[in-house]
Amino acid sequence: MYNFSYAEAIEEFCADTRGNEKQAMGKIVEQLKEAKEKGRRSKEAIEALYNTRRVWAFFIDDLSSERNELPVALRADLISIGLWVMKEVESLRSETTDSFDGLIQINTIIRDGLA
């Protein structure tokens, strides 16, 4: 009845997690593109920035965990990217910048890397 091995179950779980991360990043990229079209003060921009911050806060928290099995150097690099993303979100939110391009580009790269 239960023919799955532990390794198969873990592999399936990890694949689903990566798929969920890719899906979240895809949604963020689409929201940021729409925000760029609608303008920094639009409802779409507010939602995109809020969701971008939420997702990256989750990623940073997960990457900071000792339970995260990614190599330490990769985790550190991704945390640095996440901190940059948070800073850019805040710059857009506080209107010290008006370009969504950097956020769109970096989130697209990360999304595509999760494939």
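Residues numbered from 1 in each chain as written. Predicted model: local features only at pLDDT ≥ 70, side-chain atom pairs only at ≥ 80, totals over all residues. Heavy atoms only, no water.

1. Thoughts on the nonpolar core
Thinking step 1. Among the nonpolar cores identified, the biggest contains 23 residues, and Met-25, Leu-32, Leu-49, Trp-56, Val-85, Phe-100 and Leu-103 are the most heavily contacted of them.
Thinking step 2. Put simply, the parts of the chain that give this core at least two residues each are helix H1 (6–38), helix H2 (43–64), helix H3 (72–93) and helix H4 (101–113).
Thinking step 3. Residue contacts for Leu-103: discarding those within four places in its chain leaves Leu-32, Leu-49, Trp-84, Val-85, Glu-88, Val-89 and Leu-92. (Core = buried A, V, L, I, M, F, W, Y, C linked by side-chain atoms within 4.5 Å. Buried < 20%, exposed > 50% of the residue type's maximum accessible area, 1.4 Å probe, protein only. Helix = DSSP H or I, 4+ residues; strand = E, 2+ residues; numbered from the N terminus. Contact = heavy atoms within 4.5 Å.)

2. A short note on the packing of H3 against H4
Thinking step 1. Remark: H3 packs on H4, axes separated minimally by 10 Å, with the N-to-C direction vectors making an angle of 150°. What the angle tells us is that H3 and H4 run roughly antiparallel. Crossing angle aside, the handedness with which H3 passes H4 is left-handed. Together, Leu-78, Ile-81, Trp-84, Val-85, Glu-88, Val-89 and Leu-92 of H3 and Gly-102, Leu-103, Ile-106 and Ile-110 of H4 make up the contact between the two elements. (Axes fitted to C-alpha atoms, helices over the stretch in contact; angles between N-to-C directions. Parallel < 35°, antiparallel > 145°, perpendicular 65-115°, else oblique. Left-handed = near helix turned anticlockwise from the far one by under 90°.)

3. Re the pattern of salt bridges
Thinking step 1. Considering all chains together, one arrives at 6 salt bridges under this definition.
Thinking step 2. Measuring nitrogen to oxygen at the nearest pair gives 2.9 Å for the salt bridge that ties Arg-41 to Glu-95. Placement of Arg-41 in the loop between H1 and H2 and of Glu-95 in the loop between H3 and H4 is noted, with a sequence separation of 54 residues between them.
Thinking step 3. Between Lys-43 and Glu-47 there is a salt bridge, with its nearest N and O atoms 3.7 Å apart. (Salt bridge = Lys/Arg side-chain N within 4 Å of Asp/Glu carboxyl O.)

4. Quick word on H3
Along an α-helix, residues three or four apart share an orientation, since each turn contains 3.6 residues.
Thinking step 1. When the terminal C-alpha atoms of H3 are compared, their 31 Å separation across 22 residues agrees well with the 32 Å that a helix rising 1.5 Å per residue should span.
Thinking step 2. Within the sequence span of H3, burial applies to Arg-75, Leu-78, Gly-82, Val-85, Met-86, Glu-88, Val-89, Ser-91 and Leu-92.
Thinking step 3. Looking at the buried residues of H3, the elements they touch are H2 and H4.
Thinking step 4. Phi for Glu-95, located one or two positions after H3, is positive at around 65°. (Expected span 1.5 Å × (residues − 1).)

5. Some words on unusual backbone geometry
Thinking step 1. At Glu-95, a residue that is not glycine, the phi angle is positive and equals roughly 65°.
Thinking step 2. You can call Glu-95 partly exposed: its relative accessible area is 36%.

6. Regarding the confidence of the model for the chain
Thinking step 1. Averaged over the chain, the pLDDT score is 87; the fraction of residues at 70 or greater is 84%.
Thinking step 2. The low-confidence segment residues 1–15, where pLDDT is below 50, has 1 contact with residues more than four positions distant or belonging to other chains. (pLDDT = per-residue confidence, 0-100.)

7. Considerations on the packing of aromatic side chains
Thinking step 1. Inspection of every chain in the model, using the stated rule, returns 2 aromatic pairs.
Thinking step 2. Note on Trp-56 and Phe-59: the rings are 5.4 Å apart at their centroids and 90° apart in plane angle, and the pair reads as edge-to-face. In this pair, Trp-56 and Phe-59 both sit in helix H2, 3 residues apart, roughly one turn of the helix.
Thinking step 3. With relative accessibility at 10%, the residue Phe-59 sits in the buried group.
Thinking step 4. Measuring from ring centre to ring centre gives 6.2 Å for Phe-58 and Phe-59, while their planes differ by 55°; the resulting arrangement is tilted.
Thinking step 5. Through a chain of ring-to-ring contacts, three or more aromatic side chains come together here, namely Trp-56, Phe-58 and Phe-59. (Phe/Tyr/Trp six-rings, centres within 6.5 Å; stacked < 30°, edge-to-face > 60°.)

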